[in-house]
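Chain by chain, the residues:
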Amino acid sequence: MFKHLITSSIVSLLCSATLLAQDTNVELSLEQSMQLAHNGNKSLKIATKEIEWAKNEHQRINSFWLPSINATGAYMHMSNKIEVKQPLSDYTNPAKDYIHSIYPGEQIISSALDKLGSQSLNVPLVPQNFTTIDANLTLPLFTGGKRIYAGRISKQMISVANVNKEQIDAGVQILLVENYYGLRLGNRIVDVKEKAYESLNTHYQNALKLEENGMINKAERLFVKVNLDEAKRELEAARKDLDITQKSFKVLIKMETEDTISPVSSLFINDSVPSLSYFKGLIKDNNYMVKQMKIQKDIAGNQLKIANAAYVPNIALLGKQTVYANGIERSLLPRTFIGAGFTWNIFDGFNREKKIKQARIAQQILDIESEKIIDDNELGIDKLYNQMQNALDNITTLTTTIEMSKELLRIRKLAYQEGMSTSTEVVDAEVILSKIQIASLLAYYEYDVALINLLSVCGIPQSFDQYSNNGKTEQYIFNR
């Protein structure tokens with residue numbers, strides 16, 4: 001962390017310097033550039049928010065373990081009162097029968113009982129207008145494991161989001177290395193072409209003097225001039241390419257400045273690299289797509305368990321408290337009750353069976369996709385590893401050629417000064433040396449780009465720094 005704070009301070013100072021000075025060089029290391037690229041990358045910001053979303057979703061799923069408490073209220077108006085109607089004849093008829101059994105001909109009391117029996121007794125229960133406010137509680141006690149499996153799925157979604165961010169980060173590193181070292185390559189190519197142009201210009205000035213002294217003819221001097229003009233044209237073209245690379249790199253690291261960015265981290269190449277089988281062995285545990293597929297398979301397994309849990313009943317604790325009631329008597333409706341209940345879906349039209357089958361098919365698809373991803377990545381590693389080996393082979397061949405070209409140029413210059421060599425031979429030696437140096441630089445660049453891509457496929461792009469620290473820099477091309 002302390003290292004990152006130092007880097008941040010350095011980058012801040014460099015950015016502040018660009019505001020105070022114009023047309024200056026801003027030196028940036030690969031690490032500093034990487035931090036700038038990370039800070040301004042929108043894809044990484046989106047990935048960070050996706051992790052935050054997944055964590056919140058996990059917390060939401062865990063809330064199903066807590067009771068659900070809600071309040072309900074209602075004001076009701078009914079077209080009729082709710083009441084109990086009891087005919088009085090149910091009571092008067094037995095009385096009449098009893099009186100007739102004692103006094104068979106009695107009419108006065110029987111007539112009175114008949115009139116009373118034609119009436120009914122009305123007892124109101126609920127008025128036409130009433131109001132209630134209730135608090136309800138529901139606590140699931142058993143869901144067949146659905147909450148457990150849903151919690152696991154939500155936790156695995158956090159892992160998916162983390163792996164996705166790692167994959168995006170690796171993509172940013174690949175893009176940064178390609179552009180950073182592309183800028184470094186462009187600078188070195190311009191250096192080589194500038195040196196070749198200066199050497200040819202010096203050679204041309206000497207040719208002018210030799211022509212004046214009659215030591216060479218006009219044709220030889222013109223030949224040097226033609227090659228000098230061609231070197232100048234190539235130099236200008238290299239500078240234009242470098243300018244385009246500069247602009248692209250500034251866009252990548254989000255630096256709005258007119259100053260020139262100078263990459264100080266050198267191109268490098270390692271004398272040896274681990275075996276092909278070593279890199280392939282890293283795929284199953286470290287490759288981002290493989291890790292995501294493993295998590296998806298775990299998710300599919302839990303989804304299958306959720307589908308199977310649909311066969312068992314759901315049991316919950318229920319409770320209700322009437323906080324306020326107007327128009328309903330306590331004796332008619334209790335204010336508080338608590339109990340337990342269950343729901344059990346006996347038949348749902350084979351919906352559960354289809355879901356279980358779909359979950360199993362999804363697992364089979366993920367198994368096949370996992371095998372395909374591993375095969376595809378192994379092919380990718382074969383390709384990238386071959387690119388690295390080709391770059392190493394090219395460097396081995398070019399190293400000897402550079403030594404020979406430098407010595408050839410030195411001898412021909414001396415011979416030319418003694419009048420024992422022609423301008424053509426000197427120019428050819430200059431051109432050959434510059435081309436071999438540029439070819440060596442390109443081999444270094446191809447190696448570095450292939451390496452970061454290879455390490456990203458293996459899921460270990462962070463080890464690129466270790467390879468860089470142990471590598472042989474491009475300065476080796478010019479010091480030999």
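Residues numbered from 1 in each chain as written. Predicted model: local features only at pLDDT ≥ 70, side-chain atom pairs only at ≥ 80, totals over all residues. Heavy atoms only, no water.

## Here's the deal with the overall build of the protein
Reasoning step 1: When its secondary structure is counted, the protein shows 14 helices and ten strands.
Reasoning step 2: Buried residues in the protein amount to 38% of all 480 residues.
Reasoning step 3: By sequence separation, contacts in the protein at least 24 residues apart represent 85% of the contacts at least 6 residues apart.
Reasoning step 4: Summing over all exposed atoms, the protein offers an accessible surface of approximately 28100 Å²; the carbon and sulfur share of this is 57%.
Reasoning step 5: With 53 positive and 54 negative side-chain charges, the protein shows a separation of 6 Å between the mean positions of the two kinds. (Helix = DSSP H or I, 4+ residues; strand = E, 2+ residues; numbered from the N terminus. Buried < 20%, exposed > 50% of the residue type's maximum accessible area, 1.4 Å probe, protein only. Contact = heavy atoms within 4.5 Å. Areas by Shrake-Rupley, 256 points an atom, 1.4 Å probe, with all protein chains shown as cover. Lys, Arg positive; Asp, Glu negative; His and termini not counted. Charge placed at Lys NZ, Arg CZ, Asp CG, Glu CD.)

## A look at the packing of helix H2 (residues 30–39) against helix H6 (residues 146–212)
Reasoning step 1: Taken N-terminus to C-terminus, the directions of H2 and H6 make an angle of 130 degrees; their axes are 10 Å apart at the nearest point. By the angle class used here, H2 and H6 are oblique. Seen along the crossing, H2 lies across H6 with a hand that is right-handed. Here Leu30, Ser33, Met34, Ala37 and His38 of H2 lie close against H6, whose contacting residues are Asp169, Val172, Gln173, Leu176, Val177, Tyr180 and Tyr181. (Axes fitted to C-alpha atoms, helices over the stretch in contact; angles between N-to-C directions. Parallel < 35°, antiparallel > 145°, perpendicular 65-115°, else oblique. Left-handed = near helix turned anticlockwise from the far one by under 90°.)

## Quick word on the nonpolar core
Reasoning step 1: Counting residues in hydrophobic clusters, the biggest one holds 65 residues, and the most contacted among them are Leu176, Phe279, Tyr447 and Phe464.
Reasoning step 2: Residue contacts for Phe464: discarding those within four places in its chain leaves Leu30, Val177, Tyr181, Phe268, Asp448, Leu451, Ile452 and Leu455.
Reasoning step 3: Core analysis: the second largest hydrophobic core is formed by seven residues, Val163, Ala170, Tyr288 and Ile295 among them. (Core = buried A, V, L, I, M, F, W, Y, C linked by side-chain atoms within 4.5 Å.)

## Notes on the packing of aromatic side chains
Reasoning step 1: Scanning all chains against the criterion turns up nine aromatic pairs.
Reasoning step 2: With a centroid separation of 6.3 Å and an interplanar angle of 55 degrees, the aromatic rings of Tyr181 and Phe464 are classed as tilted. One end of the pair, Tyr181, is in helix H6; the other, Phe464, is in helix H13 (residues 464–470), with 283 residues separating them in the sequence. In this structure, Tyr181 and Phe464 share a single accessibility class: buried. (Phe/Tyr/Trp six-rings, centres within 6.5 Å; stacked < 30°, edge-to-face > 60°.)

## Points about the packing of helix H11 (residues 351–417) against helix H12 (residues 423–457)
Axes are the key here: two packed helices are described by the angle between their axes and the distance separating the axes.
Reasoning step 1: The N-to-C vectors of H11 and H12 enclose an angle of 160 degrees; their axes lie 7 Å apart at closest approach. Here H11 lies roughly antiparallel to H12, going by the angle between them. In the packing of H11 onto H12, the handedness of the crossing is left-handed.
Reasoning step 2: Residues of the contact of H11 with H12, tallied by class, amount to 25 nonpolar, nine polar and six charged. (Nonpolar A, V, L, I, M, F, W, Y, C, P; charged D, E, K, R; others polar.)

## A short note on the side chain of Thr322
Reasoning step 1: Secondary-structure assignment places Thr322 in strand S8 (residues 314–326).
Reasoning step 2: Among the polar contacts made by the side chain of Thr322, one reaches the side chain of Asp134 at a distance of 2.9 Å.
Reasoning step 3: For Thr322, the contacting residues outside a window of four places in its chain are Ile133, Asp134, Pro334 and Arg335. (Polar contact = N/O pair within 3.5 Å; in protein donor to acceptor, adjacent residues only side chain to side chain.)

## So, the environment of Leu276
Reasoning step 1: Secondary-structure assignment places Leu276 in helix H8 (residues 276–281).
Reasoning step 2: Along the backbone, Leu276 and Asn41 are 235 residues apart, and their C-alpha atoms lie at a distance of 33 Å.
Reasoning step 3: Apart from residues no more than four positions distant in its own chain, Leu276 is found in contact with Ile381, Asp382 and Tyr385.

## With respect to the sheet that holds strand S2 (residues 68–77)
Reasoning step 1: Strands sit in the order S2-S5-S8-S9 across an open sheet of four strands; the sheet is antiparallel. The open sheet has two edge strands, S2 and strand S9 (336–343), and neither has a second partner. Pairs of neighbouring strands in the sheet enclose a mean axial angle of 25 degrees, with direction left out of account.
Reasoning step 2: Across eight bridges, S8 lies against S9 in antiparallel orientation. When the sheet's bridge partners are listed, Leu317 is paired in S9 with Ala340. (Pairing = 2+ DSSP bridges.)

## So, the pattern of salt bridges
Reasoning step 1: Applying the stated criterion across every chain, the model contains 22 salt bridges.
Reasoning step 2: Residue Arg60 is joined to Glu57 by a salt bridge in which the shortest nitrogen-to-oxygen separation is 2.7 Å. Residue Arg60 and its partner Glu57 are located together in helix H3 (residues 42–62), separated by three residues, close to a single helical turn.
Reasoning step 3: Its relative accessible area of 21% is what places Glu57 among the partly exposed residues. (Salt bridge = Lys/Arg side-chain N within 4 Å of Asp/Glu carboxyl O.)

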